[in-house]
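One letter stands for each residue in the lines below.
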Amino acid sequence: MSYKSHSLRQLALQKFKKNVWGVFSLFFILFVGFISIFAYALAPDNSMHANQMHLSIHSKKPGFKVQMLTMPNQNINKQSFLSKVFYGEKNTITEIAISDFKVDKDNLFYTEYASDGIIVVSKSIPLQAFPEGNYKSFINEKSFVFGTDKYGRDLLSRVLVGARVSFFIGFVAVFISLLIGIFMGSLAGYFGGKVDAVIMWVINVTWSIPTLLLVIAITLALGKGFWQVFIAVGLTMWVEVARVVRGQIISVKEMQYVTAARALGFNDFRIISKHILPNIMAPVIVISAANFAAAILIESGLSFLGIGAQPPMASWGAMIKDHYNYIILGKPYLAIIPGLCIMSLVMSFMLIGNAFRDALDVKT
């Protein structure tokens, strides 16, 4: 039995490796996962939520460059390295976009960056405000690869940090849906009778409510926020898992190995967890991949409606909401870039779901 099980796993793995799009999607998902974990280490703007605003350079095109003056700050920000990597730097510095500067005697005179037609008066800061009078290390050219959003924030940094919300909501939502769905589906399929009738009634009632409407209701009940959205999305996806698990258990619970387990005196919990569930997980894995993609879309829709991740937290859906009107104002990339990110991640999960379905299909 062990050799046969090992052989089946090897065959499934070989079939999966032959699926080019499935393998590509797997690597892309792992790449996005890596970005999600180390977003702040990779982002040019590593402030918390990548929320460093420069209103004077708002809505600039990709590749925009400007000189940035970092104002010296005496406040020491005590923050651990791991905290900076995973939560961003609790920024206490002030950055000013400048178009020109010069040093005259003991003062640094600078002109703030301004759009065409706006007159800006030069300002000054004493050189002694800089450590050892070294002002040059506080003036650097900053490049914005994806440009800036309507608040002058680095769009690339916002996209990288926003990947964390979309990626992790899939994990949390799928975990919750598996936890509830497998439990409820196992009870309904294995015991049948009144237990099955009651659980199926709950499933049908939940299924009849539009997913987005149910998520909105749960979100309003739990409150707006990061974790509330995760829980709300997870609580709406368990019905699909429960129906699949129920159907699979009904089809296998009368098979010989289950009958043998009962004859040996094993309890119901062991029969379900050790004998039945391992043999029916293939379709559950496939539907989990689809649920992962659906969770990302639902979160994006909620953020677009303003009841998902709340500002200043970066979210791809919220970025589209903030900039969708720029599509007709000549700067469509502000909404298209996060939209492409959502589309590519969702498509990757759908493709890897199809690859798992083909690899685990016993008929082929």
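Given the structure is predicted, the values throughout are model-derived calculations rather than measurements.

A. Representation of the pattern of salt bridges. What the rule picks out here adds up to 5 salt bridges. Between E95 and K142 there is a salt bridge; the shortest N-O distance is 3.3 Å. On the criterion of sequence distance, the pair formed by E95 in strand β2 (residues 94–104) and K142 in strand β5 (residues 139–144) is long-range, its members being 47 residues apart. Just as E95 is buried, K142 falls in that class too.

B. Structural detail: the sheet that holds β2. With antiparallel pairing, 5 strands are arranged side by side in an open sheet as β4-β3-β2-β1-β5. Two strands lie at the open edges of the sheet, namely β4 (123–126) and β5, each paired on one side alone. Between one strand axis and the next, the sheet turns by 50 degrees as a mean value, whatever way the strands run. Of the pairings in the sheet, the one linking β2 to strand β3 (residues 107–112) comprises 6 bridges and is antiparallel in character.

C. Looking closely at the nonpolar core. With 30 residues, the main nonpolar core has V159, I296, W316, L345 and F349 as its most contacted residues. Elements supplying a minimum of two residues to this core: α2 (20–37), α5 (155–191), α11 (281–305), α12 (316–323) and α13 (333–359). Discounting residues that sit within four places of it in the chain, L345 has contacts with F28, V32, F167, I296 and W316. Counting residues in hydrophobic clusters, the runner-up holds 15 residues, among them I271, I276, L277 and V284.

D. How the structure looks around the environment of P62. With respect to the helices, strands and loops of the structure, P62 is situated in the loop between α3 (39–42) and β1 (64–71). Among the residues examined, P62 registers a relative accessible area of 44% and is labelled partly exposed. Taking C-alpha positions, P62 is 8.7 Å from Y333, a pair spaced 271 residues apart along the chain. Leaving out residues up to four positions away in the same chain, P62 has contacts with F144, V145, F146, G147 and Y333.

E. Fine view of the pairing of β2. In terms of strand pairing, β1 meets β2 through 5 bridges, oriented antiparallel. Its bridge partner lying in β2, M71 is registered against T94. Here β2 folds back onto β3, and the loop between the two strands holds 2 residues, one of which, K105, carries a positive phi near 60 degrees.

F. Looking closely at helix α7 (residues 211–222). Here α7 is 12 residues long and its end C-alpha atoms lie 16 Å apart, about the 16 Å a rise of 1.5 Å per residue gives. Looking only at α7, the buried set comprises L214, V215, I218 and T219. Angularly, the buried residues of α7 cover 135 degrees about the axis, an arc narrow enough to put them on a single face. Along α7, exposed side chains directed more than 90 degrees from the buried face belong to L213, L220 and A221. Those residues of α7 that are buried lie in contact with α6 (193–208), α8 (226–252) and α11. G223, located one to two residues past α7, shows a positive phi value of around 100 degrees.

G. Just the environment of K253, in detail. The topology assignment puts K253 in the loop between α8 and α9 (256–263). Sequence separation between K253 and F191 is 62 residues, and the spatial gap between their C-alpha atoms is 9.8 Å. Ignoring sequence-local partners within four residues, the contact set of K253 consists of G189, Y190, V258 and R262. A polar atom in the side chain of K253 sits 3.0 Å from the backbone oxygen of G189. A distance of 3.4 Å separates the side chain of K253 from the backbone oxygen of Y190, its partner in a polar contact.

What counts and what doesn't
Residues numbered from 1 in each chain as written. Predicted model: local features only at pLDDT ≥ 70, side-chain atom pairs only at ≥ 80, totals over all residues. Heavy atoms only, no water. Salt bridge = Lys/Arg side-chain N within 4 Å of Asp/Glu carboxyl O. Helix = DSSP H or I, 4+ residues; strand = E, 2+ residues; numbered from the N terminus. Buried < 20%, exposed > 50% of the residue type's maximum accessible area, 1.4 Å probe, protein only. Pairing = 2+ DSSP bridges. Axes fitted to C-alpha atoms, helices over the stretch in contact; angles between N-to-C directions. Core = buried A, V, L, I, M, F, W, Y, C linked by side-chain atoms within 4.5 Å. Contact = heavy atoms within 4.5 Å. Expected span 1.5 Å × (residues − 1). Arc of directions from axis to C-beta. Polar contact = N/O pair within 3.5 Å; in protein donor to acceptor, adjacent residues only side chain to side chain.

Without other data, these values stay purely geometric and don't point to any function.
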